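Fold and contact review
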Amino acid sequence: MVSKRRRQYDKDMREKFYVLNQELEQSRQLASATTEREEVCQPSTSKHKHTSFTQTQDTSCSRLSARVEYFEGSASTSTEHQVLPVCDPQSFNDLDFNIVDGAHENYLEDTNIEPTRKRKRTAGDYPLASWLPERDAFILEMLRLEGRGDFISQATCRGTYGCSLPAEFRCEDCFGTELYCQSCTVERHHEHPLHRIKHWKDAFFHDVTLKSLGLRIQLGHPTQERCYNPAACQDFVVLHVNGIHEVSLDFCGCETAQSPTTQLLRIRWFPATVLEPKTAATFKLLRHFHILSFESKVSTFEYWQTLTRLTHNRGVVIVKDRYDALLRMIREWRNITLLKRFGRGHDPAGTGATEQGSCAVLCPACPQPGKNLPENWESAPSETRWLYALFLAIDANFRLARKNVSSDQMDPGLNRGWAYFVEEQQYKTFLTDVGRCPQEKSTCASHNAVNLAETKNSRGLAATGAGTVDCSRHNFKRPCGVGDLQKGEKYVNMDYLFFSTMQHTGDVAVLNISYDIACQWSTNLWQRMHRYPSMIHLRHHDNKTITFLVPKFHLPAHIEICQITYSHNLLKGMGRTDGEAPERGWANINPVATSTREMGPGSRRDTLDDHFGDFNWKKVTNMGVSLSRKLKAAVPERDQHVRDFEDFNNALEHERPEQVAEWRLAVEQWESDSSQENPFALTGKPLTQAAVRLSLSQQEADNLEHGMDDSLHEEVSRSVLISSGMEIEDQQCRLARDIELLGGHPTDLQRTKLQERGNILRRKIEQWSKVQLLYMPVVARLRASDMPTSRTHSTEEKAHEIELWLPSKIYGDATDPVHQCDATLSQYEWELRRAQAYDALDDLRRHLRLRAHLYKFKDTHIRGQRANTRASAIIDKVESNVSVAAARYRRAWSALKHLSPALSRTTWKEEFPKLENDDIRGMSQGKQGQSSGNRTLSWIWKARGIASDTPEGETVLNESLRIEWCKSRARATRWVEEVQLLQEEMRRVAAYLLWHATWWDVQADRRTGLALAEVEGIRGYAKRQAAVRRDLHNTFLSKWGAVNGTF
């Protein structure tokens, strides 16, 4: 909803606009009156009037000043300015002039280091509202252009001196609207043969072509010079950005003439075929479609439809079908552009010597041996080796499927493994030879990527998707790291892609590999590698430091041991890498899947290669902004988390210095040798309600073995009675909360579901109460005395309000000694309530951490009303979970308070302090009014078994504090590493750009023995590419210097 302040602001702006509009009309009237007086004084002079307005701003309001200028002209061409009605500001009540484009906002966020600052809005911020009064004038001017306009009285052509022919032709693409005769129109368009011409006839403009006016295009000679032996082509078709043109073309037929293909290329027309070409597309059109397809993901057919409608949009003229020719030219253009941009035209050996993966845009921030790494980086000490690690991420995308149409014989790929897709024939041969090995089943969580790989539906599909290997930190597609998946995400496919791209990593000694099923995929990776051809083996992998990880978003789906073994947050040298780079990249490529799924195999691979290359190049050009923005965000986070850890560490060192020293030693040993005991792992079983129930059940089983059976029910023992009663209590609380959140106007469906839940819960309570009377007969008297006398049969007690009379309730409300409860039942509830308190605190801490993360993520990344609304809804859900966990702890605390006197428990409050509202805060939050210097940590973050009266409680506390201390240290360390990684990546990017510029300088002189014009073009392109890299280098350094200077 729009806030009251915003509505008042809009109202003020409309009133202000109303005042400005009135002043505008007064200025126009004043100018009109001045004109009339001057016309009276000079009746024989006709002048055009030009009025300009200037808006000035003072402390009270905006004012308009008018300036009127005149220039002489024909009397017949003068027009009277139409006075528009003054607009009532109330007419804008239902209009919203604030146009918000989410894609544009994301673009500004990605390409600006500093966040966009909001400024005070002025009348100029409502251009649409200012335009509305001029709408009729715009329409009138548009209609005026349908006629001859200012040249309505022009009788003869002014194209050449002395021309007396009638002026009847206007060019739609030339500057201005002047009319010329037929011969002058043809003469003026020898250098612009693809302009669109209009012919004034029968009181309106008709479409005509330059071909129909007599224009012939001569190739192989300077403009307007004719060939004495031309090879005429009367129906040549040219595709241009303004439509489809049929032209008369003359190829040069002289003895020294070049081939028709060469003649077309030299005027920047791309021939559709090399054999007697009769169709071509301009370079401008191909470049236009190339960039447009990257940004809008438009298909070739949609672009062809656009051209046909630009040519004839009436449906009465049939345009010659050149769609197949356009498809072919675009594909050839993609391939030629790819080879040109990677210097293949500068290689004396030609394109045949192109190596696999050599036409991929490399990540300049990743370590590239020989290109951007410092000298002697191989001998770096172990403390800094992690800075030269290569981060890789593996994933599959099943949106990039391809239907089973065409074949590699009918539609071969042009790239042949030169860019991102692996070479197809080698890939298929590999799958045929080793792809019959059965898929290993998952021993972790039930991963669909593993267990369902053999059962993936592939009916009608030649490829069910695509697998990729990406740069994990910067989201670059890796060379030879993309391939089709024939049936699910099999190990054999992903193995080949991984080992293929590893052939292009050089001698990088540290590898961090992220995969959502890394815990399973990495288990037998090296054993599988030895079954594969030696050409794809990872050389010297035993001498490399290789770490396997699971992306952060996917990690919670794994079992507990995987969550601490494969976590980016816990392992040394990871910085703040999340491993989810491929998921973000899919958002860019998925819109292309609609068109590529219908393509043949070669066309699809070439098209996706092209899109991957553009995606990588955009990442390169934005590296200056992206790294600057990341560093500016990382430095404050590093400082904050380091302070939080220091506060936490100092508090613990004061209480238990020896244990903190042991923790530090253990975590440092584990970081240097992962085979050591993981300090983040629980060494003992946590105290939970499930664990306590199991312990009580085992105790009852021991009693039965010794012939001691005090159960009064065949199926429900004392411990089961108490535990099931507490479960019912939790269900009552959830039902009560859902009823409270129902609102004042619930639907029938909502009320029905709640009523059904209440009925089920009531039946559970009735069954449980019958068993309860066997063990606790006193409850019958308590229920009778608690029943209100005014209650009738028609007003039954609601299910969530029924009192269960557990032992804690009896001790809390009934002070009469007659109403005391069985000591065994009280002891059972005591143990279960302690476990309930532990569970509640664990939930509370987890939700508080999640809440802090969501707030920080929302402030940093969320923009726009829709995204903010969704983010707020998620945060509200987490806030609700925090409240539920706090209420659950308070129920357990209240029960312990009532049970403690009967069980003579005196120190339990030291173990379980009372939870106040000020205690419910995150680790980095202090109490209300506390500054960062005197901020204290809430007791809930160090609550397990504090000062417990049992050795087990102290052990639980020590383990809990150890894990929390290790995690706090890991968070601070990861942010410190992130800052160091970003600074190292900035250095690598600058070094890579200089290396690449030098590489292009060398390419300039590689080819010899060519014509002078060709040598000049080769050198010019190489020098331009080198200059581009040096410009990027200088621009990035200027941005990074400003950022690094602030820290």
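Located above this text is the structure these notes cover.
Residues numbered from 1 in each chain as written. Predicted model: local features only at pLDDT ≥ 70, side-chain atom pairs only at ≥ 80, totals over all residues. Heavy atoms only, no water.

**Points about the pattern of salt bridges**
Under the counting rule described, the total for this entry stands at 44 salt bridges. The salt bridge involving D610 is made with R334; its shortest N-O contact spans 2.5 Å. With D610 in helix α18 (residues 601-621) and R334 in helix α9 (residues 323-341), this residue pair connects regions lying 276 residues apart in the sequence. Take D610: its relative accessible area is 11%, and that puts it in the buried class. Counted as one network, the salt bridges with shared partners bring together E729, D730, E829, R833 and R891. (Salt bridge = Lys/Arg side-chain N within 4 Å of Asp/Glu carboxyl O. Helix = DSSP H or I, 4+ residues; strand = E, 2+ residues; numbered from the N terminus. Buried < 20%, exposed > 50% of the residue type's maximum accessible area, 1.4 Å probe, protein only.)

**Structural notes on a positive patch on the surface**
On the surface, R268, K284, R287, K340, R341 and R1024 cluster together into a patch of positive charge. Elements supplying a minimum of two residues to the positive patch: α7 (283-296) and α9. By the secondary structure assignment, R268 is in the loop between α6 (260-266) and β9 (269-271). (Patch = residues over 30% accessible without salt bridge, like charges linked within 9 Å, V, L, I, M, F, W, Y side chains within 5 Å. Areas by Shrake-Rupley, 256 points an atom, 1.4 Å probe, with all protein chains shown as cover. Lys, Arg positive; Asp, Glu negative; His and termini not counted. Charge placed at Lys NZ, Arg CZ, Asp CG, Glu CD.)

**Topic: the packing of aromatic side chains**
Evaluated as defined, the whole model comprises 30 aromatic pairs. Geometrically, the ring pair formed by F430 and Y532 is edge-to-face, given 4.9 Å between the ring centres and 75° between the ring planes. Of this pair, F430 sits in helix α10 (residues 424-434) while Y532 sits in the loop between α14 (525-529) and β17 (545-549), and the two are 102 residues apart along the sequence. A single burial state applies to F430 and to Y532, both of which are buried. Arranged with centres 5.6 Å apart and planes meeting at 70°, the rings of W670 and F680 form a pair that is edge-to-face. Linking W670 in helix α20 (residues 657-672) with F680 in the loop between α20 and α21 (689-705), this pair joins segments that are 10 residues apart in sequence. One aromatic cluster in this structure is built from Y427, F430, Y496, F498, F499, Y515, W521, W526, Y532 and F548. (Phe/Tyr/Trp six-rings, centres within 6.5 Å; stacked < 30°, edge-to-face > 60°.)

**A look at the sheet that holds strand β7 (residues 231-240)**
Sheets are built from strands that pair by backbone hydrogen bonding, the pairs being arranged parallel or antiparallel. Within the open sheet, the five strands sit side by side as β6-β8-β7-β10-β9. Their pairing is mixed. This sheet does not close on itself; its edge strands, each paired only once, are β6 (216-218) and β9. Each neighbouring strand pair of the sheet contributes to a mean axis angle of 40°, computed without reference to strand direction. Pairing of β7 with strand β10 (residues 279-282), which is carried by three bridges, proceeds in the parallel orientation. Counterpart to V237 in the pairing with β10 is T279. Docked against the sheet, α7 engages β7, β9 and β10, running at close to 65° with respect to β10. (Pairing = 2+ DSSP bridges. Axes fitted to C-alpha atoms, helices over the stretch in contact; angles between N-to-C directions. Contact = heavy atoms within 4.5 Å.)

**Here we look at a nonpolar patch on the surface**
On the surface, a cluster of nonpolar side chains totalling about 280 Å² of accessible area is made up of L128, W131 and F138. For F138, the position within the fold is in helix α4 (residues 135-144).

**Quick notes on the environment of Q827**
By the element assignment, Q827 lies in helix α26 (residues 823-861). A sequence separation of 20 residues divides Q827 from P807, and the C-alpha atoms of the two residues are 9.3 Å apart. Once residues within four sequence positions are removed from consideration, Q827 is found in contact with L903 and R905.

**Considerations on the sheet that holds strand β16 (residues 510-515)**
If you walk across this open sheet you meet the five strands as β15-β14-β11-β16-β17, and the pairing is mixed. Each edge of the sheet is formed by a strand with only one pairing partner; in this case those strands are β15 (477-485) and β17. Neighbour-to-neighbour, the strand axes of the sheet open up by a mean angle of 20°, direction not taken into account. Pairing of strand β11 (residues 390-397) with strand β14 (residues 465-471) involves six bridges; the strand directions are antiparallel. Its bridge partner lying in β14, D395 is registered against T468. Taken strand by strand, helix α12 (residues 491-502) contacts β11, β14, β15 and β16, and its axis lies near 160° from that of β15.

Taken by themselves, the reported measurements are silent on function.
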